[in-house]
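Structure at a glance
Residue-level listing of the chains:
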Amino acid sequence: MESVTPPSERFTRTHQVARRERAQTVAKWVFGAMSLAMVLPLVAIIVYLLYKAWPSLGWEFLADIPRKGMREGGIWSAFVGTLYLVGLSLAISAPIGVLAAIYLNEYARESWLNRLINMAVINLAGVPSIVHALFGLGAFVYGARFGFSILSASLTLAIMTLPVIIASTREALSAVPRAFRDACANVGATRWQTIRAVVLPNSISGILTGIILQVSRAAGETAPVMFTGAVFFKAVSRGDLFPYRLGDQCMALSMHLYTVSTQVPNVKESIPYATAVVLLGSVLLVNASAIVLRIWLRGRKKW
Amino acid sequence: MGAPRPQRPKASIAIERIIEFVIRLSGVSAVFFVAAIFFFIFREAVPVLWDPDFDFAEFLFSKEWYPTSVNNVRYGTFALTIGTLSVTGVAIVLAVPFGLGAAIFISEFCSPKIKETLKIVIELLAAIPSVVWGFIGLTVMSKLIVSVTGTAVGVNLLNGGFILALMSVPVIVSIGEDALKAVPDSYREAALALGATRWETVFRVLLPAAKNGLLAAVLLGVGRAVGETMAVLMATGHAVQIPHGLLDSVRTLTANVAAELGEAPAGSSHYRVLFLTGVLLFAITLVVNVAADLAVRGIRRK
């Protein structure tokens, strides 16, 4: 009688299995290393910038105005300018963006118009920032005769960052279950009543996340403000919270970084680094708060 | 008969009408803005087409860019187009393998905790402003390149490509991961049930199934790289020439507009040619974005 191979041996690792498992391990490590290759630059950049910026960093740097042709002093004028630009652009794009998202998520049906709007939102997000700058220059500075001003720059930024708000608001709205809306319809609420009483209260934190992301995006943009309202230098007094008017030109943090790192010779070495740290730090902080808000929300979700 | 049907006050109905009108208006605003962008850029650009000094073929195919020359004005953007293509090319060659590899790792290989962390890192990486990237290229990266290769100037094609790769990787990862996530779990289960290892599942099942979405991810990465302005302005070295190697300086279409728009007097042909470059860029990104959208829609229809 021929002996049957015992079952345990039939399932032993053959060479082929071992090879396949090796391939699997190699793949896992290679892809893992590729992911790590993204984490490392982020950490390295932050550490290096902080290290180089250290001599200049401090409250004094933030609160002081640039002195001696921007070779010394701080960044107050640029910081406040960015606050103005971000605040005004937010005031313009947040209502339009949220309402547009409400339309897309609550009102629009599958139609050519809806597809066209979606395409437009995608394109608005994909248009290069320099093209937005050209548009701002042609439409607001010269077309609408707002001149080179905070108003023109904010309008340009607002249109540029609109897709950020639309996309995240839409996501927040579509996370509200269908059943909520159906229940409202069943008790006779109109569509707007449903939105106001049920959909918005249940998605307001998600919408807030989107608005926070808009702030971070708008604060970092350089090209669109460079040609519509931001200037290299503007004299303001130290610590002044309201130095600009709507029709004024202003300094902006992002543009200030460009200026001190490329246009001004013999700058104290740590100043551009410190400017970069303040800009990067504020943007990452704003983003991190959006992330924390989102995680907190996910933990609290009841449905 | 019974009591009359309860009616809402006329005013509240009217207010609701108005609100809904505003909502609809905001809804179509995006279309309006895109149209306005095209209109205003085109309006500023178009008079130059009838300018006797200007020749459209020269604009596209000449590599001579002397916009401020006194007696020999030339508006040829060929070298700039090649600059954009080469920087984008270097960026994509670097970013696509890393981006797709990371997307596969995040979606298929790692534990939920690592996945969360990596996604946050990617989000933060995507949030770094382009002027900060440019600054990094100008300082850190250029020093690195000089000390590794021994070249004289650190701001060049390689530098710009590296920076752009780092900028477009987050786009590729997040869209690529979405594409892999969209593949039904039953595909994975079927492959595993046949005895495939995880890697075989990825290579033979998931990649073919998600190829449209991954293509869209790459296209959007390309779109980001083509349109990037400040980073390439600061990191590529700013010489209008056709590069012959990775260490040559170049200038891109976007950087050129950013560098010269401030100096070109409004209404001059130079100014209008820069707007025409904007039309060109607008058209390029439009095509790339629509192509990416069609690729995504391709999977959804299946």
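1. A closer look at the overall build of chain A
Helix and strand counts for chain A come out as 12 helices and two strands. Starting at the N terminus and walking to the C terminus, you meet the elements of chain A as α-α-α-β-β-α-α-α-α-α-α-α-α-α. Since a compact globule built from 303 residues should have a radius of gyration of about 19 Å, the 26 Å found for chain A marks it as more spread out than a globular shape. By principal-axis analysis of the C-alpha atoms, chain A measures approximately 100 × 60 × 35 Å. Counting the 303 residues in chain A, one finds 47% classified as buried. Residue pairs in contact within chain A that sit at least 24 positions apart in sequence constitute 77% of those at least 6 positions apart.

2. Thoughts on the overall build of chain B
Helices and strands together make up the secondary structure of chain B, namely 12 helices and two strands. In chain B, the succession of helices and strands from N to C terminus is α-α-β-β-α-α-α-α-α-α-α-α-α-α. Here the C-alpha coordinates of chain B stretch approximately 90 × 65 × 35 Å along the principal axes. Within the span of chain B, comprising 302 residues, buried residues form 48% of the whole. The contacts in chain B between residues at least 6 apart in sequence include a share of 73% that link residues at least 24 apart.

3. Thoughts on the interface of chain A and chain B
Contacts between the two partners involve 69 residues from chain A, matched on the other side by 70 residues from chain B. Of all the secondary-structure elements, those providing two or more residues to the side of chain A that touches chain B are α2 (15-53), α4 (76-107), α5 (112-126), α6 (129-143), α7 (150-174), α9 (191-220), α11 (253-263) and α12 (270-300) of chain A. Broken down by element, the side of chain A that touches chain B gets its largest block of residues, 18 residues, from α2(A). The residue inventory of the side of chain A that touches chain B, partitioned by class, reads 50 nonpolar, 16 polar and three charged.

4. Section: the domain arrangement of chain B
All names here are of chain B. Each assigned domain of chain B is listed with its residue range as follows: domain 1 (10-50) and domain 2 (77-301). Computed from C-alpha atoms alone, the centre-to-centre distance between domain 1 and domain 2 is 31 Å. Taken together, the seven residues of domain 1 in the interface contact eight residues of domain 2. Residues that form the side of domain 1 that touches domain 2 fall into these classes: six nonpolar, no polar and one charged.

5. A look at the packing of α11(A) against helix α5 (residues 130-149) of chain B
Relative orientation of the contacting elements α11(A) and α5(B) amounts to 20 degrees, with a least axis distance of 9 Å. Taken together, the axis directions place α11(A) and α5(B) in an arrangement best described as roughly parallel. Pair α11(A) / α5(B) crosses with left-handed handedness. Facing S254(A), L257(A), Y258(A) and S261(A) of α11(A), the residues of α5(B) in contact are V131(B), F135(B) and L138(B). Broken down by class, the residue content of the contact of α11(A) with α5(B) amounts to five nonpolar, two polar and no charged.

6. Some details on the nonpolar core
Counting 184 residues, the largest nonpolar core has A30(B), I163(B), I172(B) and A216(B) as the members making the most contacts within it. In terms of residue count, the dominant contributor to this core is α4(A) (17 residues). Split by domain, the residues of this core number at least three in each of domain 1 (10-50) and domain 2 (77-301) of chain B. When near neighbours in sequence (up to four residues on either side) are disregarded, A216(B) contacts I175(B), A179(B), A292(B), A295(B) and V296(B).

7. Observations regarding the environment of P4(B)
Its location among the elements puts P4(B) in the segment before α1 (10-45). Separated by 236 residues in the primary sequence, P4(B) and V240(B) have C-alpha atoms spaced 80 Å apart.

8. Structural notes on unusual backbone geometry
At R145(A), a residue that is not glycine, the phi angle is positive and equals roughly 60 degrees. Checked against the element boundaries, R145(A) lands in the loop between α6 and α7.

9. A word on the packing of α7(A) against α9(A)
Residue and element names in this part refer to chain A. α9 packs onto α7 with a crossing angle of 150 degrees between their chain directions and a minimal axis gap of 8 Å. It follows that α7 is roughly antiparallel to α9 by the angle criterion. Judged by the twist between their axes, the crossing of α7 over α9 is right-handed. Across the interface between the two elements, L157, T161, V164, I165, S168, T169, E171, A172 and L173 of α7 pack against V199, S203, G206, I207, T209, G210, I211, L213, Q214, R217 and A218 of α9.

10. A short note on helix α6 (residues 157-181) of chain B
Residue and element names in this part refer to chain B. The end-to-end C-alpha distance of α6, which contains 25 residues, comes to 35 Å, matching closely the 36 Å that a straight helix rising 1.5 Å per residue would cover. Considering bend angle alone, the principal kink of α6 is centred on S168 and spans about 30 degrees; proline P170 follows within four residues of it. Counting buried positions along α6 gives 23 out of 25 residues, so the element sits mostly inside the fold.

11. So, the environment of P112(B)
Residue and element names in this part refer to chain B. Within the element layout of this structure, P112 appears in helix α4 (residues 112-127). By C-beta crowding, P112 is classed as exposed, having 7 other C-beta atoms within 10 Å. In this structure, the C-alpha to C-alpha distance between P112 and A30, residues 82 residues apart in sequence, is 37 Å.

12. Considerations on the confidence of the model for chain B
Predicted coordinates in regions of low pLDDT should not be interpreted in detail. A residue-level look at chain B finds 98% of positions with pLDDT of 70 or above and a mean pLDDT of 87. When the elements of chain B are averaged for pLDDT, helix α2 (residues 56-61) of chain B gives the smallest value, 81, and helix α7 (residues 185-193) of chain B the largest, 92.

Thresholds applied
- Residues numbered from 1 in each chain as written.
- Chains lettered and ligands numbered in written order.
- Predicted model: local features only at pLDDT ≥ 70, side-chain atom pairs only at ≥ 80, totals over all residues.
- Helix = DSSP H or I, 4+ residues; strand = E, 2+ residues; numbered from the N terminus.
- Rg over C-alpha atoms; globule rule 2.2 N^0.38 Å.
- Buried ≥ 20, exposed ≤ 12 C-beta atoms within 10 Å, placed from the backbone.
- Contact = placed C-beta atoms within 7 Å.
- Nonpolar A, V, L, I, M, F, W, Y, C, P; charged D, E, K, R; others polar.
- Domains from an automatic or database assignment.
- Axes fitted to C-alpha atoms, helices over the stretch in contact; angles between N-to-C directions.
- Parallel < 35°, antiparallel > 145°, perpendicular 65-115°, else oblique.
- Left-handed = near helix turned anticlockwise from the far one by under 90°.
- Core = buried A, V, L, I, M, F, W, Y, C linked by C-beta atoms within 7 Å.
- Expected span 1.5 Å × (residues − 1).
- Bend = angle between axes of the 7 residues up to and from the residue.
- pLDDT = per-residue confidence, 0-100.

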